[in-house]
Amino acid sequence: MKTGKVIILGSGPAGCTAAIYAARAGLSPVIISGPVPGGQLTKTSAIENWPGEKSISGYDLMEKLMDHAKSLGTEFISDTIVSADFSGRPLVLRSENETYETQALIIATGAEPRWLGLPSEAKFMGNGVSACATCDGFFYRDQDTAVVGGGNTALSDALYLANLARQVYLIHRRDEFRAEKTLADRVQEKVKEGKITLVLNAEVKEILGNDLSGVSGIKAAFKDGTEKEIPVTGVFVAIGHLPNSSIFANLLETDHGIVKTGYGAYKTGTSVPGVFAAGDVQDPLYRQAITSAGTGCMAAQDAARYLKEAGIA
Ligand code: FAD
Ligand code: NAP
């Protein structure tokens, strides 16, 4: 059994920033870093919108944030929480092999990639199908690839792959992108250069291939009822993320899995007193590194105020 005054779940921008503020408030925070130390950004290449860094790799940025939190005395524990009990005080968290007790909890567990849900997608996962272009794009150098989606992730992935792959087919179910205009403009430049081909008003109906050599193509179904096979060896699914909140489903108020905040006198307070949430797990809209860090800062300050008012710190 391990005990803490403030436990933070997650070591992404939200968790690390919460730890920096909690440590500086003298709360000796503990971070349980979960399955992805450093969070989602460690899977991406250039970050160009983190203030003060014109361009930095996601991995390097998260190393800096984790180092900062560690330098202030934050204890990092490599573990993943699988269940929780908020019925009494202290709050209880359980992993496969350990039980944790804490007076205040900050949930900063982020969100997971969303998949298309096709049987052929599951069949070729890791053998031609990926949700991380920056992790796996290297394996498709000079090959033909497809990116599915129309948001910032899909367009960033398509641009990243356009520098590696022979051809990138960007497959989107509408004819308008959800992504920022700057990214859409850059994609259009690559279309003119012949590196990216837009496949619009189309959904992936099936991923084609065989067990031995992996993916050989996709079958796209268009809104007008037609279908087309596009030969590719790599398919990058970039259609959004689902909040990592399932362990709290029956414990906290959520909306489509997004943890609801704003309870009590705390902007980051959840429906259970003493439990706070920060970052993508509670954000239906912005989901950026900087907004996650911002809410991490808020959650640490809210937790500090809560502990003070409860006479604990
Ligand atoms: P995450 O970074 O997702 O971290 C979640 C943490 O929670 C992880 O450490 C994980 O291990 C931990 N965790 C999960 N479950 C548990 C559990 N049960 N127990 C304990 N710990 C757990 N944003 C930008 O601002 N600029 C960009 O250029 C940019 N590029 C992106 C590129 C890609 C490909 C993607 C997918 C996202 C990008 N984003 C970008 C968005 C950005 O990554 C997120 O907004 C940000 O990482 C969210 O931070 P977070 O701390 O809330 O969660
Ligand atoms: P997103 O913004 O939710 O976009 C998801 C895209 O996938 C949408 O275009 C959506 O289509 C499509 N889609 C969803 N389900 C689908 C399905 N079943 N089949 C086919 N297409 C489907 O997700 P995201 O692009 O991963 O971005 C997540 C967050 O991270 C955003 O807030 C984004 O701003 C941020 N991010 C930022 C950067 C950056 O700043 N450079 C880079 C990457 C991500 P519709 O448009 O038709 O709904």
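Notes on the structure in this doc start here.

Reading the values: the criteria
Residues numbered from 1 in each chain as written. Chains lettered and ligands numbered in written order. Predicted model: local features only at pLDDT ≥ 70, side-chain atom pairs only at ≥ 80, totals over all residues. Heavy atoms only, no water. Pairing = 2+ DSSP bridges. Helix = DSSP H or I, 4+ residues; strand = E, 2+ residues; numbered from the N terminus. Axes fitted to C-alpha atoms, helices over the stretch in contact; angles between N-to-C directions. Expected span 1.5 Å × (residues − 1). Buried < 20%, exposed > 50% of the residue type's maximum accessible area, 1.4 Å probe, protein only. Arc of directions from axis to C-beta. Contact = heavy atoms within 4.5 Å. Near = heavy atom within 4 Å. Polar contact = N/O pair within 3.5 Å; in protein donor to acceptor, adjacent residues only side chain to side chain. Areas by Shrake-Rupley, 256 points an atom, 1.4 Å probe, with all protein chains shown as cover. Nonpolar A, V, L, I, M, F, W, Y, C, P; charged D, E, K, R; others polar. Phe/Tyr/Trp six-rings, centres within 6.5 Å; stacked < 30°, edge-to-face > 60°. Left-handed = near helix turned anticlockwise from the far one by under 90°. Core = buried A, V, L, I, M, F, W, Y, C linked by side-chain atoms within 4.5 Å.

Moving on: the sheet that holds strand β14 (residues 202–210). Pairing is antiparallel in the open sheet, where three strands are placed in the order β14-β15-β16. Of all strands in the sheet, those bounded by a partner on one side alone are β14 and β16 (227–230). The average undirected angle you get between the axes of adjacent strands in this sheet is 25°. As paired strands, strand β15 (residues 214–222) and β16 are joined by four bridges and run antiparallel to one another. The residue of β16 that forms the bridge with A221 is E227.

This next bit is on helix α2 (residues 58–71). With 14 residues, α2 should cover 20 Å at 1.5 Å per step; its first-to-last C-alpha distance of 20 Å lies within 8% of that length. Residues of α2 that are buried include every one of G58, L61, M62, L65, M66 and A69, and no others. Down the axis, α2 shows its buried residues gathered within 130° of arc, on one side only. Summarising the contacts, the buried residues of α2 are in contact with α1 (13–24), β3 (46–47), β4 (56–57) and β5 (75–77). A positive backbone phi angle near 100° is found at G73, which sits one or two residues after α2.

As a structural note, the neighbourhood of ligand 1 is formed by 32 residues, with S33, V36, N49, D280 and A289 the closest of them. At 3.0 Å, a backbone N or O of I81 approaches a nitrogen atom of ligand 1. For ligand 1, whose free accessible area comes to 1,000 Å², the fraction covered by protein is 89%. Among the secondary structure elements, those contributing two or more residues to the shell around ligand 1 are α1 and α7 (289–309). Among the residues making up the shell around ligand 1, the classes are represented as 12 nonpolar, 18 polar and two charged.

Let us now look at the environment of A165. Its location among the elements puts A165 in the loop between α5 (152–162) and β12 (167–171). In this structure, the C-alpha to C-alpha distance between A165 and G137, residues 28 residues apart in sequence, is 7.8 Å. Beyond its immediate chain neighbours, meaning those up to four positions away, A165 contacts Y140, D142, Q143, T145 and K195.

This brings us to the packing of aromatic side chains. Scanning all chains against the criterion turns up six aromatic pairs. Seen from their ring centres, F138 and F139 are 6.2 Å apart, and the 80° between their planes marks the pair as edge-to-face. Judged by its relative accessible area of 54%, F139 is exposed. A centroid spacing of 5.4 Å and a plane angle of 90° characterise the contact between Y266 and F276, whose relative ring orientation is edge-to-face. Here the residue Y266 occupies a position in the loop between β20 (258–259) and β21 (275–277), and F276 occupies one in strand β21, the gap between them amounting to 10 residues.

This paragraph deals with the site of ligand 2. With respect to spatial proximity, 21 residues lie near ligand 2, and among them N152, T153, R174, R178 and Q288 are the closest. Interatomic distance of 3.1 Å between a backbone N/O atom of Y286 and an oxygen atom of ligand 2. Here ligand 2 has 920 Å² of accessible area as a free molecule, and 80% of this is covered by the chains. In terms of residues, the shell around ligand 2 owes the most to one element, α5, which gives three residues. Its residues placed into classes, the shell around ligand 2 shows four nonpolar, 11 polar and six charged.

What follows deals with the packing of α5 against helix α6 (residues 181–193). Contact pair α5 / α6: the axes reach a minimum separation of 10 Å and the direction vectors enclose 35°. The element α5 and its partner α6 pack so that their crossing is left-handed. For the pair α5 and α6, contact is made by N152, L155, S156, L159 and A162 and by L183, A184, R186, V187 and K190, respectively.

Core analysis: the biggest nonpolar cluster contains 21 residues, and V6, I8, A104, I106, F276, Y306 and L307 have the highest contact counts within it. Counting residues per element, the ones that place at least two in this core are β1 (2–9), α1, β8 (99–107) and α7. Beyond its immediate stretch of four places on either side in the chain, V6 contacts L27, S28, P29, V30, T102, A104, I106 and L307.

The subject of this paragraph is unusual backbone geometry. Only a minority of non-glycine residues have a phi that is not negative, and only a minority of peptide bonds are not trans. Here the amide bond leading from R89 into P90 is cis, since omega sits at 0°, within 30 degrees of zero. Residues other than glycine seldom take positive phi values, yet N201 does so here, at roughly 55°. Of note, N201 is situated in the loop between β13 (196–199) and β14. Its relative accessible area of 25% is what places N201 among the partly exposed residues.

Here we take up α6. The end-to-end C-alpha distance of α6, which contains 13 residues, comes to 18 Å, matching closely the 18 Å that a straight helix rising 1.5 Å per residue would cover. Residues of α6 that are buried: L183, A184, V187 and K190. Buried residues along α6 cover an arc of 115° about the axis, so they all sit on one side. Exposed residues on α6 whose side chains face more than 90 degrees from its buried face are K181, K192 and E193. The inward-facing, buried residues of α6 abut α5, β12 and β13. Residue G194 follows α6 closely and has a positive phi angle near 85°.

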